[in-house]
Amino acid sequence: MKPFGTEFCDQLAIARYSNGAWSAPSIEPLAPLSLHPAAHVFHYASTCFEGFKAYRWSDGKGRIFRLHDHVARMQRSAASLRLPIPEADLLAGMVVDVVHHNLDDIPEPPASLYLRPTLIGTLENIGAAAAPSNEAILYVLASPVGDYFAGGAAALKLLVEERARTTEQLGSTKTGGNYAAALGPTLDAKEKYGVDQVLFCPDGDVQETGAANFLLISDEEILTKSLDTSFLHGMTRDSILKLGAELGYKISERKITVEELLEKVSTYEACLSGTAATLSPVGALVYDGKEILVRDGQPGPNRAKLQKALQDIQYGLATDTHGWLTEVG
Ligand SMILES: Cc1ncc(COP(=O)(O)O)c(C=O)c1O
């Protein structure tokens, strides 16, 4: 299988917004989009997207994980960028259609079909920095992706960086500009410290990395930052907290300071949560030029237990008591 994000299904779903209304969505062959060079998105970054997965079960049907929650997050992102907000039924229907048309391309678990709804502002106006794009294109791209942990779950090294990933007003919006803001610091950290990711901790407040949420886990407790507008509200984070509570963990959502983080990692496991990897183990932190091991530096048992609880639901090996899956087939 090709690297994550580089292989695409032949068909996508697309809808266009103009004159105050969405066109009926259609399924089209994957092809380049033709956009005016003055399109709002190119100049004023009016773009947001989602990322989630569909799994193939042994019955040959697809199951989309937390479709309606991802649709709701995309609506919130669109609203914060003042883009036309797709109706929930429209967007959910487009996702289901794409999965339906590409059912045969969903690989067997632990591989999956990654879904990428994308909304861009297409107003042709280079004088619209302070005006919303009232024209837009919405499309849903599908991409078969392999097992993230093929070859084993390697423990990651993170740089603890006491600055923000992005701005407070866009932190919980899934928009390209946030990734652009995190790119430079992440590349610099990789080069300077040989780390995999940066853990952004503005003013000592432990937030998230460039593309995943951060959790501390012991045999008794799952500890993570409480929701606010400064970071992306991950569905994996939410799912792990709900499953963790059912497994008897105490769930603590509150502010974590860098000081507390450095103290806790001698006994707590540290993990990154996100759709791509579910739960990735963190083996070491770099802070103030020094490397600090997370416990013994190896992936821990609680991560494995929580990841299995989540994947069993996604792969159809455990009952979906939360109504998280949408069947397609
Ligand atoms: C910045 C950021 N934080 C957190 C996450 C994890 O979110 P989710 O669990 O919904 O994939 C992602 C991935 O989408 C992300 O890009």
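Summarised in this report is the structure supplied together with it. Quick caveat, the model's predicted, so the values are computed rather than measured. (Residues numbered from 1 in each chain as written. Predicted model: local features only at pLDDT ≥ 70, side-chain atom pairs only at ≥ 80, totals over all residues. Heavy atoms only, no water.)

**Some remarks on the overall build of the chain**
In terms of regular secondary structure, the chain is built from seven helices and 17 strands. Taken over the C-alpha trace, the chain has a radius of gyration of 20 Å; the compact-globule value for 329 residues is 20 Å, and the two agree within 12%. Across its three principal axes, the chain shows a C-alpha extent of roughly 55 × 50 × 35 Å. Here the chain holds 329 residues, and the buried ones make up 52% of them. Put simply, of all contacts in the chain between residues at least 6 apart along the chain, 72% involve residues at least 24 apart. (Helix = DSSP H or I, 4+ residues; strand = E, 2+ residues; numbered from the N terminus. Rg over C-alpha atoms; globule rule 2.2 N^0.38 Å. Buried < 20%, exposed > 50% of the residue type's maximum accessible area, 1.4 Å probe, protein only. Contact = heavy atoms within 4.5 Å.)

**Side note on helix α4 (residues 176–193)**
The first and last C-alpha atoms of α4 sit 25 Å apart over 18 residues, in line with the 26 Å expected at 1.5 Å per residue. For α4, the principal kink sits at Leu183 and spans about 30°; a proline, Pro185, occurs within the next four residues. Buried within α4 we find Asn178, Ala182, Pro185, Thr186 and Ala189. Buried residues in α4 make contact with β9 (156–161) and β10 (197–200). Phi turns positive, to about 65°, at Gly194, one or two residues after α4. (Expected span 1.5 Å × (residues − 1). Bend = angle between axes of the 7 residues up to and from the residue.)

**Thoughts on the side chain of Asp205**
With respect to the helices and strands, the residue Asp205 is situated in the loop between β10 and β11 (213–217). Residue classification places Asp205 among the buried residues on the basis of a relative accessible area of 9%. Within the structure, Asp205 has its side chain in polar contact with the side chain of Lys225 (distance 2.9 Å). Ignoring sequence-local partners within four residues, the contact set of Asp205 consists of Phe200, Lys225, Lys255 and Ile256. (Polar contact = N/O pair within 3.5 Å; in protein donor to acceptor, adjacent residues only side chain to side chain.)

**Focus on the site of the ligand**
Surrounding the ligand, one finds 17 residues, the nearest of these being Lys174, Tyr179, Glu208, Thr236 and Thr275. Separating an oxygen atom of the ligand from a side-chain N or O atom of Tyr179 is a distance of 2.5 Å. Calculation on the ligand without its partners gives an accessible area of 380 Å², and the protein chains cover 95% of this total. Assessed atom by atom at 2 Å from the grid points, the ligand resides in the largest pocket. The set of elements that each furnish at least two residues to the shell around the ligand consists of α2 (67–80), α5 (235–246) and β14 (269–274). (Near = heavy atom within 4 Å. Areas by Shrake-Rupley, 256 points an atom, 1.4 Å probe, with all protein chains shown as cover. 1 Å grid on protein atoms, 1.4 Å probe; cavity = no way out; pocket = protein on both sides within 12 Å on 5 of 7 lines; lining within 4 Å. Sits in = over half its atoms within 2 Å of the grid points.)

**Points about the packing of α5 against helix α7 (residues 301–314)**
Where α5 contacts α7, the axes come no closer than 10 Å and their chain directions differ by 105°. Comparing the axis directions of α5 and α7 gives the class roughly perpendicular. Where α5 abuts α7, its residues Thr236, Ser239, Ile240, Leu243 and Gly244 lie against Leu306, Ala309, Leu310 and Ile313. A class-by-class count of the residues in the contact of α5 with α7 yields six nonpolar, three polar and no charged. (Axes fitted to C-alpha atoms, helices over the stretch in contact; angles between N-to-C directions. Parallel < 35°, antiparallel > 145°, perpendicular 65-115°, else oblique. Nonpolar A, V, L, I, M, F, W, Y, C, P; charged D, E, K, R; others polar.)

**Notes on the packing of α2 against helix α3 (residues 88–101)**
Direction vectors running N to C along α2 and α3 enclose 125°, while the axes themselves pass 10 Å from each other. Classed by the angle they form, the pair α2 and α3 counts as oblique. α3 is crossed by α2, and the crossing has right-handed handedness. Residues Leu67, His68, Val71, Met74 and Gln75 of α2 touch α3, and the partners they reach there are Ala88, Leu91, Ala92, Val95 and Val96. (Left-handed = near helix turned anticlockwise from the far one by under 90°.)

**Thoughts on the pattern of salt bridges**
Inspection of every chain in the model, using the stated rule, returns 17 salt bridges. The salt bridge partner of Arg165 is Glu208, with a shortest N-O separation of 3.2 Å. One end of the pair, Arg165, is in the loop between β9 and α4; the other, Glu208, is in the loop between β10 and β11, with 43 residues separating them in the sequence. One exposure class covers both Arg165 and Glu208, and it is buried. (Salt bridge = Lys/Arg side-chain N within 4 Å of Asp/Glu carboxyl O.)

**Considering the nonpolar core**
Residues Trp22, Ile64, Val95, Val99, Leu115, Leu119 and Leu138 are the most contacted members of the largest nonpolar core, which totals 32 residues. Among the secondary structure elements, those contributing two or more residues to this core are β1 (11–18), β5 (52–56), α2, α3, β7 (112–121) and β8 (136–145). If sequence neighbours within four positions are ignored, Leu138 has contacts with Ala13, Ile14, Ala15, Trp22, Met74, Pro86, Leu90, Leu91, Met94, Thr118 and Leu119. Core analysis: the second largest hydrophobic core is formed by 20 residues, Leu156, Leu158, Cys201 and Leu216 among them. (Core = buried A, V, L, I, M, F, W, Y, C linked by side-chain atoms within 4.5 Å.)

**Comments concerning the side chain of Glu260**
Inspection of the secondary structure puts Glu260 in helix α6 (residues 258–264). Residue Glu260 is classed as buried on the basis of its relative accessible area of 16%. Dropping the residues within four chain positions of it, Glu260 is found in contact with Leu223, Arg254 and Lys255.

**Digging into the layout of surface pockets**
In this approach a probe as big as a water molecule rolls over the atoms, and the regions it shows empty are the leftover space. What the largest pocket holds in volume is close to 1,000 Å³. Looking at the lining of the largest pocket element by element, the count peaks at six residues for α4. When grouped by side-chain class, the residues that make up the lining of the largest pocket number 19 nonpolar, 14 polar and eight charged. Here the second largest pocket is characterised by a volume of approximately 280 Å³. As for the second largest pocket, its lining consists of 19 residues, of which Arg16, Leu33, Ser34, Leu35 and Ile137 are closest to the centre. With five residues, the single largest contributor to the lining of the second largest pocket is β1. (Points joined across faces, edges and corners; volume = space filled by probe spheres on them.)

Treat this as a map of the structure, not an account of what it does.
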